Structure formats: structure tokens, C-alpha cells
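Examining the three-dimensional arrangement
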Amino acid sequence: MALWDRIKESATTMQTQLVAKKNDLKSGAFRDASMAMCALVAAADGTIDPAERQRVAQLIATNEVLQNFPADDLRRRFEENLNKLTTDFAFGKVSVLQEIAKAKKKPAEARAVIQIGIVIGGADGDFDKTEQAVVREACFTLDLPPHEFDL
């Protein structure tokens, strides 16, 4: 199986698992951690172009699991995290990882945040090394083993 097909299959599997848990994913901690994860993956290479920003914002708005929350609120949180990362990536990353850490108390939410990162990272068909690295770092932040997610 080609790498591209494995990435698509993995993202699809993660999305299916997320939808199955949708009713358990309604806390503010999950919301905040998810938006931080989306921003971290979008800016993984240290920059984000307007097309990438728009694509991730569209994915957030249309993701079934995230529809537990108002779209405007999600977009605002996503943009705030992106601004932190684009202003000073190293310093912003510390703050964004603290947001992600909010999901640590509930293992189902922590796993769902990682799955959202994989879905966002694989959405363009290229879950590249920098995106994988930041999702792996988020795994450590959440005390989850990266190999559980094939990272």
C-alpha cells in the first residue's frame, strides 16, 4: 500500500473513531486542546500560508465531532493559537502545548485530541515529518505513547 493511501486510511480511521466518541467530547478542555492541536499542526513548519489557514479553518467548521461547539468560538480559538505560533514559534509552542495539556485528565479526550491532529495533518494527503513531530510532542504532553498512533 502506498504511503499516500496509508495516510488517507489512517485519517479516515481516526475520524470514524472520533465520531463514535462524539457525545463524550463536549468539555471546554477538549475544545481548547483541539483548537491548539489544529493550530500546532497547521503551523508545524513554523509558517502558515493563507490557503493552509483557510483549509484548516474549513476542516474545523465541517468536522462532525467539533460541531458540539459554536463554529465562531472554535475559529477564534484556532486563530488565537495560530497568532501565538506565528508571532514567536518557540514561545508560542510552549503556550499551545499547555492548552493541549488541558485534555490530559481524561484519557478519551487526550486520545481524541491526538486523533484530531492526525486528521488535520493528513487532510491534504501529506502528513509530513514536521506535522508528525508536533503530534508526537503532543503525545508526550498528554502522557500517551506515540506508537499507539503509529507515530
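Everything quoted here is computed from the prediction, not taken from an experiment.

Definitions and limits used
Residues numbered from 1 in each chain as written. Predicted model: local features only at pLDDT ≥ 70, side-chain atom pairs only at ≥ 80, totals over all residues. Heavy atoms only, no water. Salt bridge = Lys/Arg side-chain N within 4 Å of Asp/Glu carboxyl O. Helix = DSSP H or I, 4+ residues; strand = E, 2+ residues; numbered from the N terminus. Polar contact = N/O pair within 3.5 Å; in protein donor to acceptor, adjacent residues only side chain to side chain. Contact = heavy atoms within 4.5 Å. Phe/Tyr/Trp six-rings, centres within 6.5 Å; stacked < 30°, edge-to-face > 60°. Buried < 20%, exposed > 50% of the residue type's maximum accessible area, 1.4 Å probe, protein only. Core = buried A, V, L, I, M, F, W, Y, C linked by side-chain atoms within 4.5 Å.

1. A word on the pattern of salt bridges
- A full pass over the atoms with the stated rule returns 13 salt bridges.
- Glu99 serves as the salt-bridge partner of Lys102, at 3.3 Å between the closest nitrogen and oxygen.
- A salt bridge links Lys106 to Glu109, with the shortest nitrogen-to-oxygen separation between them at 3.9 Å.

2. Focus on the environment of Arg53
- Mapped onto the secondary structure, Arg53 falls in helix α3 (residues 50-62).
- Considered as a pair, Arg53 and Glu79 are 26 residues apart in the sequence and their alpha carbons are 8.8 Å apart.
- Polar side-chain contacts of Arg53 include one of 3.2 Å to the side chain of Glu79.

3. Section: the side chain of Arg31
- Inspection of the secondary structure assignment puts Arg31 in helix α2 (residues 28-42).
- Filtering out sequence-adjacent residues up to four positions away, Arg31 remains in contact with Phe69, Asp73, Leu74 and Arg77.

4. A word on the packing of aromatic side chains
- The final tally for this structure, using the stated rule, is 1 aromatic pair.
- Each ring, one from Phe30 and one from Phe69, has its centre 6.3 Å from the other, and the planes form 35°; the classification is tilted. With Phe30 in helix α2 and Phe69 in the loop between α3 and α4 (71-87), the pair connects residues that are 39 residues apart, well separated along the chain.
- Look at Phe30 and you get buried, because its relative accessible area is 0%.

5. Re the nonpolar core
- Phe30, Phe78, Ile100 and Ile114 are the most contacted members of the largest nonpolar core, which totals 44 residues.
- If you list the elements that add at least two residues to this core, you get α2, α3, α4, α5 (89-101), α6 (107-122) and α7 (129-141).
- Of the residues forming this core, the biggest block, 10 residues, is contributed by α2.
- Those residues in contact with Ile100 that lie beyond four places of it in its chain are Ala33, Ala36, Met37, Leu40, Val113, Ala138 and Leu142.

By themselves, these observations are geometric and do not establish any function.
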